[in-house]
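Listed below, chain by chain, are the residues.
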Amino acid sequence: MQRGIRFNRFPRRWLSGTTLLWAAAGLVLAGLLLPLAYLVLRAVETSSGGWSALLRARTLATLGRTLLLSGSVTAVSAVIAVPLAWLTTRTDLPLRRWWAVLTPLPLVIPSYVGAYLMASALGPRGLVQQALEGPLGITRLPDLHGFLGATIILALLTYPYLLLSARAALLKLDPALEEASRSLGHTPWQTFWRVTLPHLRPALGAGSLLVALYALRDFGAVSIMRYDTFTRVIYVQYRSFDRSQAALQALVLVVITLVLVALETRLQGHARYVSAGPGAQRQPPRLALGIWRWPALAFCAGVVVFSLVLPATVLLYWLVRGLAAGEALPALGMATWNSLLASSLGALVTVVAAMPLAILAVRRPGRRTRLLERLTYTLFALPGIVVALALVFFGANYIPLLYQTLPLLVAAYVLLFLPQAAGAVRTALLQIQPQHEEAARSLGRRPWQVMLTITLPLMRPGVVAGASLVFLTVMKELPATLILAPVGFRTLATGVWSAVSEAFFAQAAAPALMIVLLSSLPMALIILHEQKASA
Amino acid sequence: MKPNPVMRLLAAALGLSLAACSPAATSAPQTPVPTAEGSAGGTGNLVVYSGRSESLVAPIIAQFADVTGIDVDVRYGSTPEIAATLLEEGANSPADVFFAQDPGGLGAVAQAGLLAPLPGDVLGAVDARFRSPEGLWVGISGRARVVVYNTETLSPQDLPDDIAAFTDPAWKGRIGWAPTNGSLQAMLTAMRVAWGEDEARAWLEGILANEPIAYENNTAIVAAVGAGEVEVGFVNHYYLYRFLAEEGEDFPARNYFLPGGGPGSLVMAAGAGRLANGKNSTNALKFIEFMLSPVAQQYFSAQTYEYPLVPGVVTQPGLVPLADLNAFDIDMAALADLAGTTALMSEVGVLP
């Protein structure tokens, strides 16, 4: 248990604040429990055959494959994300800002589109092969499908989770620590391993968990890469209209999630990440890469080419080919507006919902808050369709007035993406010294004033990172948007889906490119602002 | 659905938190208030749940709205997801019509007692095998199972008469298919009906022994056949025409309708049903009647390259008319046991 000074010295005033926090957290928790209640309700209807089907060797093998994929995607993502975060915040890498803006962008590519694009580009006889056949006479590229293909594609689409949280943590890390290490004779390499990396543990833990759980719930990439995971099993059940069996299997995913979350909490331990001294958030001296700048540059370029340039090129190719064939492009105005609206509301409400959970977890550490924190992840590994159908059931039958309205859709986004915001907000809060808040309190500020004038401004990078994560993922969200949006509410993502599923590639390319474009603008602003603030 | 106190409490909590954030949300101009009142003056409105893709049916639905003056709202999704949504909504569904890609989705919703019977003249517009025996839904357009083949390596003479022949080891490594696709599963259901459980299983095992490449959907199969990744693929007939439209006539793949008349020569129906608890049942009926009218049937033939199901409507040039196909003779309703088919596929190891 942490022994630092705590707020207990103001018991009476804080009582009300804490109660309010718990009330808010309880409300969010109730929302999170709804889909679980629904799953239990449906799973109970399962015949006894359903239970034995669950324990079949095949199902267990699928489970093993799923966990293997989740682990490998996390590892590959870390190998991509940690160097990128360090290079773009701590070195004199050429074109640093460009890389900082470009590298998180693959997150906005929906995995079913990303996988489709990479498969069409890199398939045995895909676009890359066709380009190589003329000059080099290559008639077939090695087949990427299966475990390898699924790992590569999911890692390329999910490493931004780790990258964004690692960047936010690096920017907040007091450079004095690294300077002290250097002055004690450590090389930059030793400093990175012994000082920087250990301090990134909370951020890397939160980011890795998101990547691991995303890999568990992904449907698009694994189906296109033909790798059978648990999510595919659930979809097969839904497609044959067996909701009970699907619910039972979804509950298995929930259990796996809770185990992974507990594992992450254990690895995290009870370490403290605030520095005792005054510390300062300022620009650390940038390490001169020297001759190493060229491999570093090649690494950044390689990641961006495969995760962003390649898919974008295929989209542009489809668009141009369609235009050349005289196809009319879809009007995107309304879909663009709807996408922006849904994503902004989703990001805003999710961050607000994450606040009380994160504050309780960090400032009131204890068994109850730890449990609360773990529970935020319960739904994150569930395929979107499961959460969406749960809200259909409750919405249509218990709150018909709100059913198929924007507020219920936003609620679905909150339930689906809460952990993305909660992890980022919590990490930001962990790095703020409670003394700042205590000083303000002792000077007579009320708790909410402290919150507004001290805590929130200090948390800003983390909060912005969390909000932008949610914004980007809502932008591409599909199952909940299709089912729960107000009738007639089309977004860019539904436009892409509708066209791709029926092989109208040019019609799909325009909204897909619009998603990438729209997401890069806020991303550029955030990154540039972040760098200016820390300069 | 029986209200349950715990559920009610949880739902109330969610409702409360939603109400708390709705001021921000409802200020947005794009939030249509759900119109539950139905036809109050004018020609009223209609809510369609479409398991058929927007890019395929939006133009003809717009035409329906223009002609009738009815205010039509459409929710698009995939047929299984829309069906699952209807099942969860139960009696409280806002939908008036379910427009589905395949009989499986309609069957599941009909079985839950959510569809209202259609009048005899509507049902009578199509052949008996393309409608529900209980009169709960009616087929709108036909989609044929075909073998798509690469024209650079194969010609029609190289292809067998019957789907059964593809278990021959000569086809090893040359086949593409989509085990998770609803239409393929419908064909397998037809095999179980026609050949019996054992022979259907033997066919699956035979195909599996030929190491087919599994794709996510029909589109991916047609693309792969065109690119020469595989030589033949089991697909629905209309996907090819979109590739021909986008990539030109020299796209090296063509369709082959199996002439044997077995389950491989299946013609399936996409259809529509009317929700029993819909608030605009008159308009729902108008919608279904319109989709069976010559205008709409002509649209499906010309724009989506499907088969018109109403006799007398001209089939797209280049497609052999439905009447001239030696199609497998089966009631669509016999294809309802999708769960049995997916169970068999899981046992054999085709599905996870």
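The structure presented is a predicted model; accordingly, all values stated were derived computationally and were not measured.

1. Overview of the packing of aromatic side chains
Scanning the model with the defined rule gives 20 aromatic pairs over all chains in all. Here Tyr161(A) and Tyr214(A) contribute two aromatic rings whose centre-to-centre distance is 5.9 Å and whose plane-to-plane angle is 55°, an arrangement assigned as tilted. Separated by 53 residues along the polypeptide, Tyr161(A) in helix α7 (residues 147-172) and Tyr214(A) in helix α10 (residues 201-217) bring together distant segments of the chain. Residue class for Tyr214(A) comes out buried when judged on its relative accessible area of 8%. Arranged with centres 5.2 Å apart and planes meeting at 85°, the rings of Phe64(B) and Phe287(B) form a pair that is edge-to-face. Placement of the pair is Phe64(B) in helix α2 (residues 54-68) and Phe287(B) in helix α10 (residues 281-291), with a sequence separation of 223 residues. Among the residues examined, Phe64(B) registers a relative accessible area of 0% and is labelled buried. When its relative accessible area of 0% is taken as the criterion, Phe287(B) is described as buried.

2. Observations concerning empty space enclosed by the protein
Residue and element names in this part refer to chain A. Taken as a whole, this structure holds eight cavities of 30 Å³ or more when the rule is applied. Taken as a whole, the second largest cavity spans an internal volume of roughly 160 Å³. Along the walls of the second largest cavity sit 21 residues, with Ser165, Ala168, Gly423, Ala424 and Thr427 positioned nearest its centre. When contributions to the lining of the second largest cavity are tallied by element, the ones reaching two or more residues are α7, α10, α18 (406-430) and α20 (447-476).

3. Section: the domain arrangement of chain B
Residues and elements named next belong to chain B. The domain architecture assigned to chain B consists of domain 1 (42-142 + 268-331) and domain 2 (144-267 + 335-348). Taken together, the contact between domain 1 and domain 2 spans 18 residues of the former and 22 residues of the latter. Across the domain 1 to domain 2 interface the summed buried area is about 1,800 Å²; carbon plus sulfur atoms make up 70%. The interface formed by domain 1 and domain 2 includes zero salt bridges. Counting across the domain 1 and domain 2 interface gives three residue pairs in polar contact (both at pLDDT 80 or more). Counted by class, the side of domain 1 that touches domain 2 contains 12 nonpolar, four polar and two charged residues.

Rules behind the numbers
Residues numbered from 1 in each chain as written. Chains lettered and ligands numbered in written order. Predicted model: local features only at pLDDT ≥ 70, side-chain atom pairs only at ≥ 80, totals over all residues. Heavy atoms only, no water. Phe/Tyr/Trp six-rings, centres within 6.5 Å; stacked < 30°, edge-to-face > 60°. Helix = DSSP H or I, 4+ residues; strand = E, 2+ residues; numbered from the N terminus. Buried < 20%, exposed > 50% of the residue type's maximum accessible area, 1.4 Å probe, protein only. 1 Å grid on protein atoms, 1.4 Å probe; cavity = no way out; pocket = protein on both sides within 12 Å on 5 of 7 lines; lining within 4 Å. Points joined across faces, edges and corners; volume = space filled by probe spheres on them. Domains from an automatic or database assignment. Contact = heavy atoms within 4.5 Å. Buried area = accessible area lost by both parts, 1.4 Å probe. Salt bridge = Lys/Arg side-chain N within 4 Å of Asp/Glu carboxyl O. Polar contact = N/O pair within 3.5 Å; in protein donor to acceptor, adjacent residues only side chain to side chain. Nonpolar A, V, L, I, M, F, W, Y, C, P; charged D, E, K, R; others polar.

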